[in-house]
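# Close look at the chain arrangement
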Amino acid sequence: MSRSLTRSVAGGAAVVSAFALAGKALGFLQKLVMAYYFGTSGLADAFALAYNSLIAVISQFPPQVLAPFLPVYLSVRRERGEVAARQLAGTVGVLLVLGLAAAVVVGFLMARPLVESLSQFPVAETRAAAIRLTRIMIPAVLFLGLIAFGTVLLHAEKRFSRPAFAETLSKGGVIVVLLLLGHWMGIDALGLGVLIGAVLGFAVIAAGLRGRIVPSLAVRLIWRDPDLRRWVGLTGPILLGVLIAQIRTILDNRFASGMASGSVAALQYARGLNDTLVLLVPSAVGVVLYPVFSEMAEPAKRAMLGDTLLRSLRAMILLLLPLSVILIALRQPIIQLLFQRGRFRADSVALTAWPLVFYGAGLPLFAVEILLMRLYYALKNTWAPTLVGAACVALHVGIILLTREALQHGSMALAATLSKGVKVAILWIGLRAFLPSLQGRRTRRFAVQTALALAAMAAAVWLMSNLLHRLAWPGAVGGMAIPRALGLALEIGGASSVGLAVYLLVAWLVRLEELTLAAGWLVRRGKETR
């Protein structure tokens, strides 16, 4: 990967990461406020099921089916000009609006049978709340789909900040509505906030497209357009893959709704912690690299493509593995510090900490999958990820059925991690046939070096956490009477800092290539600034 490309990717990823950080901070604040008001109560379960099994499921289709639209759009613009590309975009936009409008109408009218078929809530009040929340939130699907469409068009122009800001604003809208109306509307304020947040995000995207892209879009439906057929051919497997993947989410929530009260909400809180870390860096890098992958997909550039992927993956793994250790080892104090207030009590902490063990272990796998899927789409190969995903969904459900009696709602998190690991392994093996540069001893050596550093870090975090816990809590031998939040922060910060220091030290001792390159870059930058 050339220096200019590296700087471009790093700069773009930094912009997206900055907005993603703000968006995820607001997303966390949303969960904190939700936890304060509703904890892991039946109402929290109702919202989690309505949002995760219906709103989020439907909203996943537009960004996924539009993912292969980007390379097709760029190809048309390069080969046939700007007018043809905008005409194709107009056609796809009209089809998207028609499909989403139909989904909104059906979802509103069929809310009751949908919720009753997707849940096993034993309490009628919880079912009624889920039905009501579905009807409040379902119009948001249309605006979220339009946000996804506008995002693709802006990314084609290498404009990444506005789509990231739109997500940030949409999260902020949810929080404001919940804070203003939560005392009066209860859980319904959270549903209304989702709708208002989606409208605000769409307004930001629409403003970015106005005067530059939208007025030039042709909205005629040209059914025989070969470019449209080309995109539809690529989206067929993706539609199937998204449907299969969402079946997994739906079944997770249905299984959890029949377990202890609060299990659905606890899964949402735990997965939210995990997803926040995934979305901060890996998703930002994936967004920026996708146009780059699409431009490098030509056979003549395959060597550069493989090198770009390998360096990006190794850098992300080096970052996320220590975070995975911290998330698992310090899950209890992390959840206590972030959530334990209001109606989120000790039982909610225990309920949320259990699935976080398994989600935390899968953190690097969720990140790696993002880049591998982007690369397959850039290569215009959508069938392979779909077929692999279908097989892994079957594996996911099988693991739940085998372990749910023993692990309860933790079985969903374990199934997610194990099935994701199998999917990543198969996709990686498949890529090696297209990208020979992915083969060789460098990958095996990297795995061994990283494992050594990680094992040392895990031991250091465990030892330091136990030591600080004894020092910080008055109930332990020699403990000091200090504020609870400060004690938790000291335990998390101290154990994490020592663990990361050990991780970097061992990585340096085993001469890990990425760390050596980073150290060299810092030295050069220091000399340049003198």
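Our subject in this report is the structure included herewith. (Residues numbered from 1 in each chain as written. Predicted model: local features only at pLDDT ≥ 70, side-chain atom pairs only at ≥ 80, totals over all residues. Heavy atoms only, no water.)

Summing up its helical and strand segments, the chain has 21 helices and zero strands in all. For the chain, the proportion of its 530 residues judged to be buried stands at 52%. Residue pairs at least 24 apart in sequence account for 83% of intrachain contacts in the chain once pairs closer than 6 positions are excluded. A total of about 23,000 Å² of accessible surface is found on the chain, and carbon and sulfur atoms cover 68% of it. (Helix = DSSP H or I, 4+ residues; strand = E, 2+ residues; numbered from the N terminus. Buried < 20%, exposed > 50% of the residue type's maximum accessible area, 1.4 Å probe, protein only. Contact = heavy atoms within 4.5 Å. Areas by Shrake-Rupley, 256 points an atom, 1.4 Å probe, with all protein chains shown as cover.)

Bringing the packing of aromatic side chains into the picture now. The tally for this structure, following the rule as stated, stands at nine aromatic pairs. Plain terms: the ring middles of Phe69 and Tyr73 are 5.6 Å apart, the flat faces sit at 40° to each other, and that makes the pair tilted. Here the residue Phe69 and the residue Tyr73 both occupy positions in helix α3 (residues 69-80), the gap between them amounting to four residues, near one helical turn. Each member of the pair, Phe69 together with Tyr73, is buried. The interplanar angle of 45° and the centroid separation of 5.3 Å between the aromatic rings of Tyr269 and Phe339 together place this pair among those described as tilted. Of the two residues, Tyr269 is situated in helix α11 (residues 263-280) and Phe339 in helix α14 (residues 331-339); the sequence distance between them amounts to 70 residues. Each member of the pair Tyr269 and Phe339 is classed as buried. (Phe/Tyr/Trp six-rings, centres within 6.5 Å; stacked < 30°, edge-to-face > 60°.)

On to the packing of helix α17 (residues 383-407) against helix α18 (residues 410-434), then. For any two helices packed against each other, one specifies the inter-axial angle together with the distance between the axes. One way to put it is that α17 packs onto α18 with a least axis distance of 8 Å and a crossing angle of 150°. Viewed along their axes, α17 and α18 adopt a mutual orientation that is roughly antiparallel. As for how α17 packs across α18, the hand of that crossing is right-handed. Counting all contacts with α17, which are made through Pro385, Val388, Gly389, Cys392, Leu395, His396, Ile399, Ile400, Thr403, Arg404 and Leu407, the residues of α18 involved are Gly410, Ser411, Met412, Leu414, Ala415, Ala416, Leu418, Ser419, Val422, Lys423, Ile426 and Leu427. Split by residue class, the contact of α17 with α18 holds 15 nonpolar, six polar and two charged. (Axes fitted to C-alpha atoms, helices over the stretch in contact; angles between N-to-C directions. Parallel < 35°, antiparallel > 145°, perpendicular 65-115°, else oblique. Left-handed = near helix turned anticlockwise from the far one by under 90°. Nonpolar A, V, L, I, M, F, W, Y, C, P; charged D, E, K, R; others polar.)

Under the defined criterion, the tally for this structure stands at seven salt bridges. With a closest N to O distance of 3.9 Å, Glu116 and Arg112 form a salt bridge. Placement of both Glu116 and Arg112 in helix α5 (residues 111-118) is noted, with a separation of four residues, approximately one turn of the helix. The partly exposed category is assigned to Glu116, whose relative accessible area is 43%. The salt bridge partner of Glu369 is Lys420, with a shortest N-O separation of 3.1 Å. One end of the pair, Glu369, is in helix α16 (residues 363-378); the other, Lys420, is in helix α18, with 51 residues separating them in the sequence. Given the relative accessible area of 13%, Glu369 is considered buried. Residue class for Lys420 comes out buried when judged on its relative accessible area of 6%. Ionic contacts of the salt-bridge type, sharing partners, join the residues Glu369, Lys420 and Lys423 into one network. (Salt bridge = Lys/Arg side-chain N within 4 Å of Asp/Glu carboxyl O.)

Quick look at the nonpolar core now. Within the largest apolar cluster, 142 residues are counted, with the highest numbers of intra-cluster contacts made by Leu66, Phe69, Leu309 and Leu372. Here this core takes twelve residues from α16, the largest share from any one element. (Core = buried A, V, L, I, M, F, W, Y, C linked by side-chain atoms within 4.5 Å.)

What follows concerns unusual backbone geometry. In this structure, Gln408 takes a positive phi of about 55° despite not being glycine. Relative to the helices and strands, Gln408 resides in the loop between α17 and α18. With a relative accessible area of 33%, Gln408 lands in the partly exposed category. At Arg511, a position not held by glycine, the phi torsion is positive, near 60°. Here Arg511 shows up in the loop between α20 (484-509) and α21 (513-528). For Arg511, a relative accessible area of 63% translates into the label exposed.

Right, let's get into the side chain of Ser465. Within the element layout of this structure, Ser465 appears in helix α19 (residues 441-472). A relative accessible area of 9% means that Ser465 is categorised as buried. Setting aside its immediate chain neighbours within four residues, Ser465 contacts Leu330, Glu491 and Ala495.

This brings us to the packing of α3 against helix α4 (residues 82-109). At a minimum axis separation of 6 Å, α3 and α4 run at an interaxial angle of 150°. The angle between α3 and α4 places the two elements in the roughly antiparallel class. Counted together, Phe69, Val72, Tyr73, Val76, Arg77 and Arg80 of α3 and Glu82, Ala84, Ala85, Arg86, Leu88, Ala89 and Val92 of α4 form the full contact between these two elements.

Another point: the environment of Tyr51. By the element assignment, Tyr51 lies in helix α2 (residues 42-66). Judged by relative accessible area, Tyr51 falls into the partly exposed class, the value being 26%. Along the sequence, Tyr51 and Leu133 sit 82 residues apart, while their C-alpha atoms lie 8.1 Å from each other. Other than its neighbours up to four places away in sequence, Tyr51 contacts Ala56, Val57, Met137 and Val194.

All right, on to α16 then. For the α-helix, the turn length of 3.6 residues means that residues three or four positions removed from each other point alike. Compared with an ideal rise of 1.5 Å per residue, which puts 16 residues at 22 Å, α16 spans 24 Å between its outermost C-alpha atoms and is within 8% of the ideal. Within α16, 14 of the 16 residues are buried, leaving the element largely enclosed by the surrounding structure. Lys380 lies just past α16 and shows a positive phi near 60°. (Expected span 1.5 Å × (residues − 1).)

Turning next to the environment of Leu142. In this structure, Leu142 sits in helix α7 (residues 140-156). A relative accessible area of 23% places Leu142 in the partly exposed class. Each C-alpha atom, one on Leu142 and one on Gly99, is 9.0 Å from the other, the two residues being 43 residues apart in sequence.

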